[in-house]
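# Residue-level structural notes
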Amino acid sequence: MTALLTIAVLVLVAIAIWQMTKIFELSQIKADNSQIANDKDNKYNGYLMFAFLIFLYGITIFSFWKYSKVLLPEAASEHGGEYDNLMVVSFIIIFIVQTLTQALLHYFSYKYRGEKGKKALFYADNDRLEFIWTIIPVVVLAGLILWGLYTWTNIMDINDEDDPLIVELYAQQFNWTVRYGGEDNVLGEANVRMIDIDRANIMGLDEGDPNAGDDIIVKSELHLPVGRKVNFKMRSQDVLHSAYMPHFRAQMNCVPGMITQFSYTPTITTEEMRLNPDVVDKVKRVNGIRAEKAAQGLPNSEPWEFDYILLCNKICGKSHYNMQMKIIVESEEDYNKWMAEQQTFAATMASTQE
């Protein structure tokens, strides 16, 4: 019986498809099958080009209005201001060029649309026009490139001037570990082959190196003194990571088997940044959303407070999204007080031997 019903359904479906095919064929008898656009089609396409141009400008203006508030606040490092200026100037140039070129593109698409009896004219070359549209981009791009190289050179000028604080960022799936140079501000030698979990030597420090004894290892958060230059040494235990500190406009890859470096001077403490109007507005928006979630019994509904953050900006595995650490920028006095509370590497080794 089931087989009979299945056959009947298939026959009926075949008949329905056959009838629909006949109806479609009949409907095409009076239709214009011409594939050549006429003047009316070209005119409509010209108007559509103008409509798309308006849409393009509209969505651009809307994006600036809607999403500019989610941009990062002012840079919290000395080099960050120059970095942001370069980006702003680049965006302004791109916006002006995009506005002009798109307007001309859509205008000429309408003005020179196809019309019956109109023939296109072709010019083999125009030296003056080609000179203009070649020289202007060359000059602008050369200026941006030279400015960018100058900025990059200044940012990457890592030296020991101004008595910098030496800090190591140690990356591993999926967390960060920070090592300070201790009282002598010198990091001891380290190698991943020396890692000994049982002895709490999680970073592979050379226990025979006299400079390693007063090193301080911290896994909870990164503390930095405001106004003091910091030279970061970066290592990776396993795969490629990237130390990204967006509020300081700083990013550097952490590569297994080698030490990479980055340097900057924090200029705004965490408490000062929390008073920044842009940050205050963002905190209010986020906490408003979280309050709505809390009312609905949804997760991530606890109030949020702004903190600087260290992220991994290279996809390094399934928990990459969770590889982050809080950064606290504070006064020199508060920083020294916090450092005095931390345990040295030598003290940690001694406690594991007891």
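What comes next is a walk through the structure.

Calculation criteria
- Residues numbered from 1 in each chain as written.
- Predicted model: local features only at pLDDT ≥ 70, side-chain atom pairs only at ≥ 80, totals over all residues.
- Heavy atoms only, no water.
- Helix = DSSP H or I, 4+ residues; strand = E, 2+ residues; numbered from the N terminus.
- Rg over C-alpha atoms; globule rule 2.2 N^0.38 Å.
- Buried < 20%, exposed > 50% of the residue type's maximum accessible area, 1.4 Å probe, protein only.
- Contact = heavy atoms within 4.5 Å.
- Phe/Tyr/Trp six-rings, centres within 6.5 Å; stacked < 30°, edge-to-face > 60°.
- Lys NZ or Arg CZ within 6 Å of the ring centre and 35° of its normal.
- Disulfide = S-S within 2.5 Å.
- Expected span 1.5 Å × (residues − 1).
- Salt bridge = Lys/Arg side-chain N within 4 Å of Asp/Glu carboxyl O.
- Axes fitted to C-alpha atoms, helices over the stretch in contact; angles between N-to-C directions.
- Parallel < 35°, antiparallel > 145°, perpendicular 65-115°, else oblique.
- Left-handed = near helix turned anticlockwise from the far one by under 90°.
- Patch = residues over 30% accessible without salt bridge, like charges linked within 9 Å, V, L, I, M, F, W, Y side chains within 5 Å.
- Areas by Shrake-Rupley, 256 points an atom, 1.4 Å probe, with all protein chains shown as cover.
- Lys, Arg positive; Asp, Glu negative; His and termini not counted.
- Charge placed at Lys NZ, Arg CZ, Asp CG, Glu CD.
- Pairing = 2+ DSSP bridges.

Broken down by element type, the protein chain carries eight helices and ten strands. Whereas a compact globule of 354 residues would reach a radius of gyration of roughly 20 Å, the protein chain reaches 32 Å, over 25% beyond that. By principal-axis analysis of the C-alpha atoms, the protein chain measures approximately 95 × 85 × 45 Å. Within the protein chain, the proportion of its 354 residues that are buried is 29%. Of the contacts made within the protein chain by residues no fewer than 6 positions apart, 71% connect residues no fewer than 24 positions apart.

The next thing to look at is the packing of aromatic side chains. Overall, the coordinates contain 14 aromatic pairs when judged by the stated rule. On the basis of an interplanar angle of 70° and a centroid distance of 5.7 Å, the ring pair of Tyr180 and Trp338 is categorised as edge-to-face. Of this pair, Tyr180 sits in strand β2 (residues 175-180) while Trp338 sits in helix α7 (residues 332-340), and the two are 158 residues apart along the sequence. The class of Tyr180 is buried, set by a relative accessible area of 1%. Geometrically, the ring pair formed by Phe248 and Tyr308 is tilted, given 4.7 Å between the ring centres and 45° between the ring planes. Of this pair, Phe248 sits in the loop between β6 (241-245) and β7 (250-254) while Tyr308 sits in strand β9 (residues 308-312), and the two are 60 residues apart along the sequence. Residue class for Phe248 comes out buried when judged on its relative accessible area of 1%. Residue class for Tyr308 comes out buried when judged on its relative accessible area of 1%. Counting every residue linked through ring pairs, the aromatic cluster contains Phe232, Phe248, Tyr264, Phe306 and Tyr308. Lying over the aromatic face of Tyr110, Arg113 brings its terminal NZ or CZ to 4.3 Å of the ring centre.

A full pass over the atoms with the stated rule returns zero disulfides. Free cysteine: Cys312, not disulfide-bonded; nearest cysteine sulfur from Cys316 at 3.9 Å. Owing to a relative accessible area of 6%, Cys312 belongs among the buried residues under this scheme. Of the residues examined, Cys316 reaches a relative accessible area of 6% and is grouped as buried.

Below, the discussion takes up unusual backbone geometry. Omega for the bond connecting Gln173 with Phe174 falls within 30 degrees of zero, at -5°, which places this linkage in the cis form. Structurally, Phe174 is set in the loop between β1 (165-172) and β2. Despite not being glycine, Asn185 shows a phi value in the positive range, around 55°. By secondary structure assignment, the location of Asn185 is in the loop between β2 and β3 (216-218). Residue classification places Asn185 among the buried residues on the basis of a relative accessible area of 17%.

With that out of the way, let us pick up helix α3 (residues 80-111). In a regular helix each residue adds 1.5 Å, so 32 residues correspond to 46 Å; α3 covers 46 Å between its end C-alpha atoms and thus fits that length. Here α3 has its buried residues at Gly80, Asp84, Leu86, His106 and Tyr110.

Turning our eyes to something else, we now look at helix α2 (residues 39-67). When the terminal C-alpha atoms of α2 are compared, their 41 Å separation across 29 residues agrees well with the 42 Å that a helix rising 1.5 Å per residue should span. For α2, every residue scored as buried is listed here: Asn42, Gly46, Leu53, Leu56 and Thr60.

Here we come to the pattern of salt bridges. A complete count under the given rule lists ten salt bridges for this structure. The closest approach of N and O atoms between Glu168 and Arg235, which form a salt bridge, is 2.9 Å. Of the two residues, Glu168 is situated in strand β1 and Arg235 in strand β5 (residues 230-236); the sequence distance between them amounts to 67 residues. Between Glu271 and Arg274 there is a salt bridge, with the nearest N and O atoms lying 3.0 Å from each other. For Glu271, a relative accessible area of 52% puts it in the exposed group.

With their axes 7 Å apart at the nearest point, α2 and α3 run at an angle of 165° to one another. Considered as vectors, α2 and α3 are oriented roughly antiparallel to each other. Here the hand of the crossing between α2 and α3 comes out left-handed. Only Phe95, Gln98, Thr99, Gln102, Ala103, His106, Tyr107, Ser109 and Tyr110 of α3 make contact with α2, whose side of the interface consists of Gly46, Tyr47, Met49, Phe50, Phe52, Leu53, Leu56, Tyr57, Thr60 and Phe64.

Take a negative patch on the surface next. Together, Glu78, Asp157, Asp160, Glu161 and Asp162 give the surface a local cluster of negative charge. Structurally, the position occupied by Asp157 is in the loop between α4 (127-155) and β1.

Further remarks concern the sheet that holds strand β8 (residues 260-264). Read across the open sheet, the five strands follow the order β3-β2-β1-β5-β8; overall the sheet is mixed. Edge strands, defined here as strands with exactly one partner in the open sheet, are β3 and β8. Neighbouring strand axes in the sheet, compared pairwise and without regard to direction, differ in orientation by 25° on average. Pairing geometry for β1 and β5, over seven bridges, is parallel. In the strand pairing of β5, Leu169 is matched with Met234. Against the sheet, α7 touches β1, β2 and β3, its axis set at about 100° to β2.

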